[in-house]
Amino acid sequence: MAKENLYDVWAKRNPKFEVYFEEILLRPFTEYGGGSVESMSSKGKIFGAGYELYIYAFFIGLYSNGQKELNETTKVLGQPIQFWGNLDSKKLRKGYPKLREYIFTALIAKTENLDLIALEKGEINTRKAVDYLIDCMEKYANYGFHKMEEKIKINPNFYYKNTGFLDVILDLIPNARQNSNTDLEEL
């Protein structure tokens, strides 16, 4: 049997999140647990599948360099990573398969316990290496979910303004806000 590819094994996994966030974030802003992209705009949903908000939360954690352990009450997302963003041309939306590769690359760079030399030597197996990657991913996403919750506690309508989700990301990228304002002035 051929040695399994680390990316492929990781992509078959389905990360967990704290159940608490299902009602306060996933259901209000995504079609998590049902619905379709076609129905999301009629319901005022910002994201399609639940994993889209999970990806967003992951990048908040990554760019904040913040990780938070999950509590004991967790649940897995509905889709393994390999299917995230693979649908194309639904309601003017494009697939975004490269984003999975960017997440994987970030995890390779940021997962402290992952020893690629030990993996190559067979001192740890692929499953254990992927466990480290998924654990790191879940901690970044969990941190992001908690940061989103903080925004809602301060202002329950924060994410209902047109730029709410974008504002959080722009605030995490140095000079992004300044460049964004310059671009708008040029228009």
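Residues numbered from 1 in each chain as written. Predicted model: local features only at pLDDT ≥ 70, side-chain atom pairs only at ≥ 80, totals over all residues. Heavy atoms only, no water.

A.B. asks: Quick rundown of the layout of surface pockets? Include the residues and the values.
C.D. replies: One number sums up the size of the second largest pocket: a volume of about 160 Å³. Lining of the second largest pocket is provided by I60, S64, K147, M148, E150, K151, I154, Y159, V168, D171 and L172. Elements that contribute at least two residues to the lining of the second largest pocket include exactly α4 (50-64), α7 (126-154) and α8 (164-172). The biggest single contributor to the lining of the second largest pocket is α7, with five residues. Along the lines of polarity and charge, the residues of the lining of the second largest pocket split into six nonpolar, one polar and four charged. (1 Å grid on protein atoms, 1.4 Å probe; cavity = no way out; pocket = protein on both sides within 12 Å on 5 of 7 lines; lining within 4 Å. Points joined across faces, edges and corners; volume = space filled by probe spheres on them. Helix = DSSP H or I, 4+ residues; strand = E, 2+ residues; numbered from the N terminus. Nonpolar A, V, L, I, M, F, W, Y, C, P; charged D, E, K, R; others polar.)

A.B. asks: Give me the environment of P15: which residues, what numbers.
C.D. replies: As for its placement among the helices and strands, P15 is situated in the loop between α1 (6-11) and β1 (16-18). For P15, a relative accessible area of 0% corresponds to the buried category. (Buried < 20%, exposed > 50% of the residue type's maximum accessible area, 1.4 Å probe, protein only.)

A.B. asks: Any details on unusual backbone geometry? Residues and values, ideally.
C.D. replies: Within the chain, N65 stands out as a residue other than glycine whose phi angle is a positive 55 degrees. Here N65 shows up in the loop between α4 and β2 (74-76). Residue N65 is classed as exposed on the basis of its relative accessible area, which comes to 54%.

A.B. asks: Give me the lowdown on the pattern of salt bridges, citing residues and values where you can.
C.D. replies: Side chains that differ in charge, positive against negative, can pair when their charged atoms come close. Overall, the coordinates contain ten salt bridges when judged by the stated rule. In this structure, D131 and R13 form a salt bridge, with 2.9 Å as the shortest nitrogen-oxygen distance. With a gap of 118 residues between them, D131 in helix α7 and R13 in the loop between α1 and β1 connect regions that are remote in the sequence. Connected through shared salt-bridge partners, E22, E23, R27 and K75 make up one network. (Salt bridge = Lys/Arg side-chain N within 4 Å of Asp/Glu carboxyl O.)

A.B. asks: I'd like a description of the nonpolar core, backed by residues and values.
C.D. replies: Counting 47 residues, the largest nonpolar core has W10, L53, Y56, F58, M137, F145 and M148 as its most contacted members. For this core, the elements supplying multiple residues, two or more each, are α1, α2 (20-29), α4, α5 (98-110), α6 (116-121), α7 and α8. Excluding anything up to four places from it in sequence, M148 contacts L25, L53, Y56, A57, I60, Y159 and F165. (Core = buried A, V, L, I, M, F, W, Y, C linked by side-chain atoms within 4.5 Å. Contact = heavy atoms within 4.5 Å.)

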